[in-house]
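Examining the three-dimensional arrangement
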Amino acid sequence: MAVATENEAIGLPGDELIRKYVHGCHILHYYNIVDAYGHLSVRLSESVFMMSRYMAPALVTTADDMVLYDVESGEALRKDAPKGFSERFIHSEVYKVYPEVQAVVHSHSLEVVPFSISSTPLRACFHMAGFLGTAVPVWDAATVYRENPAASNNMLVRSTEMGASLAKALGPADDQGLPKYPVALMRGHGFVATANSIEMVICKSIYTTQNAQVQRAAVAISGGMEEVRFFNEREARDTGSTTTAGAAKPWPLWVAEVESHPLYKNAV
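Summarised in this report is the structure supplied together with it. (Residues numbered from 1 in each chain as written. Predicted model: local features only at pLDDT ≥ 70, side-chain atom pairs only at ≥ 80, totals over all residues. Heavy atoms only, no water.)

Re the overall build of the chain
Our working definition: In this text, helices come from DSSP runs of H or I with a minimum length of four residues, and strands from runs of E with a minimum of two, each type numbered from the N-terminal end. For the radius of gyration, the atom set is restricted to C-alpha positions; the globular benchmark scales as 2.2 Å times the number of residues to the power 0.38. Burial here depends on accessible area, computed with a 1.4 Å probe over protein chains only, as a share of the maximum for the residue type. Under 20% is buried, over 50% is exposed, and the range in between is partly exposed. We call two residues contacting when some pair of their heavy atoms lies within 4.5 Å. Using a 1.4 Å probe, the Shrake-Rupley method yields the accessible areas, and only the shown protein chains count as cover for residues.
Helices and strands together make up the secondary structure of the chain, namely nine helices and seven strands. In terms of overall size, the chain behaves like a compact globule, its C-alpha atoms giving a radius of gyration of 18 Å where 268 residues would be expected to give roughly 18 Å. With respect to the three principal axes, the spread of C-alpha positions in the chain is 65 × 50 × 35 Å. Looking at the chain as a whole, 50% of its 268 residues qualify as buried. Intrachain contacts of the chain at a sequence separation of at least 6 include 67% that bridge at least 24 residues. On the chain, roughly 12,800 Å² of surface is accessible, and the fraction owed to carbon and sulfur atoms is 52%.

Structural notes on the nonpolar core
Just so we agree on the cut-off: We define a nonpolar core as any set of buried Ala, Val, Leu, Ile, Met, Phe, Trp, Tyr and Cys residues linked to one another through side-chain atoms lying within 4.5 Å.
In this structure, Tyr-21, Leu-40, Trp-139 and Ile-202 are the most contacted members of the largest nonpolar core, which totals 80 residues. Among the elements that line this core, the one with the most residues is helix α7 (residues 198-222), at eight residues. Ignoring any residue separated from it by four or fewer positions in sequence, one finds Tyr-21 in contact with Leu-40, Ser-41, Val-42, Met-50, Met-51, Ser-52, Val-60, Met-66 and Ile-198.

A word on the pattern of salt bridges
Cut-off, in case you're wondering: Here, a salt bridge means any side-chain nitrogen of Lys or Arg that lies within 4 Å of a carboxyl oxygen of Asp or Glu.
Applying the stated criterion to the full structure yields nine salt bridges. A salt bridge links Arg-88 to Glu-75; the nearest nitrogen and oxygen atoms lie 2.9 Å apart. Of the two residues, Arg-88 sits in helix α3 (residues 88-97) while Glu-75 sits in the loop between β3 (66-70) and α3, which places them 13 residues apart along the sequence. On the basis of relative accessible area, Arg-88 is assigned to the buried category, the value being 14%. The salt bridge partner of Arg-234 is Asp-238, with a shortest N-O separation of 2.7 Å.

In structure tokens:
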């Protein structure tokens, strides 16, 4: 009779997925997608997803740092689970609406935030970020809390109501069960990225930030948006399809970068 591993005994996935998750947290920090704040999650089943406990992503190290959550409620499965992120509802509500989303990132990237508070839309202008399309939607927390005068105006997604509103900004599910818009900005806060794997959500997060850098530089040297040549719908769609097929190439490089860095420890 096979003996259950310690991970299986408490409902965690095998070491391979946890190791990949830990690498993902470290890569997000290495590329300035997250700092002490921000988080990565991965879906384990239709009803369960996994995130680290309440800690800086760069310091996530072992399976003991993992917490399992119920998609429906956004609450930890175990009553004795370590403290988790208050904004876990970003993740639970996205998983609830989009059955094929397997990983979610929430970022406070300072490269991206300016596009969430200005009249300038973030849009694809860099071939690695064609998935952004011709305009990235911006979700405004005020659309929720202005309906409830007693609600906190702290811009955080700390309830299923807020999470559901944010998930809706990603648009309807396509025929593959993925959101029409894989990325949505959050006014004065950051962005949420979605994908069908950890590798791809890291890829989209990195290239969203790099596209923001390229766009800001192009607008600055051109003297305005009017002189910048953005991708049209066909170009965005075709370059986006190419990028989503290519996460396998950069992933080993990103892992090697964090494995060789003294800050990051992966003990899985």
